[in-house]
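Geometric and topological summary
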Amino acid sequence: MIRFFATLVVAVSTVTCCFAEPVTWSCKPVWSFSGMGKKVYQGLSGDEPGARNSARASCVNENRALELDDFCLAAPIDNDWHCTQGQAGASQRS
């Protein structure tokens, strides 16, 4: 009987963890373009570094045709990536 309950507890905890929502990171850094003002780009990923890379890639892709993609290689204004984590929107500034 104890073995049955132990197996049941393990099975329920395994099923519960597998259906938990994945953590999503969103970063919305602001880049400054010389003489053209500031612009925000969004990046999404399962982790913060991935969201930063996604935002930078979005900036590069949008500005490549204008030959302004070099501005995206530098850090955003004040090195503030404006990153948040998860559905609750708790701010995790970096």
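Okay, the packing of aromatic side chains next. By the definition in use, this model includes 4 aromatic pairs. Both rings, one in Trp31 and one in Trp81, keep their centres 5.7 Å apart while their planes meet at 90°; by these two values the pair is edge-to-face. With a gap of 50 residues between them, Trp31 in strand 2 (residues 30-33) and Trp81 in the loop between helix 2 (48-63) and strand 5 (83-85) connect regions that are remote in the sequence. Take Trp31 and Trp81: they sit in the same class, and that class is buried. Within the aromatic cluster, the residues linked to one another by ring pairs are Trp31, Phe33, Tyr41, Phe71 and Trp81.

Side chains carrying opposite charge are able to pair once their charged atoms draw close together. Tallying each qualifying case throughout the model produces 2 salt bridges. Note that Glu62 is salt-bridged to Lys39, the shortest N-O span being 2.2 Å. Highlighted residues: Glu62 in helix 2 and Lys39 in strand 3 (residues 37-40), separated in sequence by 23 residues. Residues Glu48 and Arg52 are paired through a salt bridge, measuring 3.4 Å at the closest nitrogen-oxygen approach. Highlighted residues: Glu48 and Arg52, both in helix 2, separated by 4 residues, approximately one helical turn. According to the relative accessible area criterion, Glu48 is buried, its value standing at 17%. Assessed through its relative accessible area of 24%, Arg52 is described here as partly exposed.

With that settled, the discussion passes to the state of the cysteines. Enumeration according to the criterion identifies 2 disulfides in this entry. The disulfide that involves Cys59 links it to Cys72, with 1.9 Å between the sulfurs. Taking the sign of the S-S torsion, about -65° here, the bridge from Cys59 to Cys72 comes out left-handed. Taken together, the residues Cys59 in helix 2 and Cys72 in the loop between helix 2 and strand 5 connect sequence positions 13 residues apart. With a relative accessible area of 0%, Cys59 lands in the buried category.

The rules behind each value
- Residues numbered from 1 in each chain as written.
- Predicted model: local features only at pLDDT ≥ 70, side-chain atom pairs only at ≥ 80, totals over all residues.
- Heavy atoms only, no water.
- Phe/Tyr/Trp six-rings, centres within 6.5 Å; stacked < 30°, edge-to-face > 60°.
- Helix = DSSP H or I, 4+ residues; strand = E, 2+ residues; numbered from the N terminus.
- Buried < 20%, exposed > 50% of the residue type's maximum accessible area, 1.4 Å probe, protein only.
- Salt bridge = Lys/Arg side-chain N within 4 Å of Asp/Glu carboxyl O.
- Disulfide = S-S within 2.5 Å.

Geometry only, nothing functional implied.
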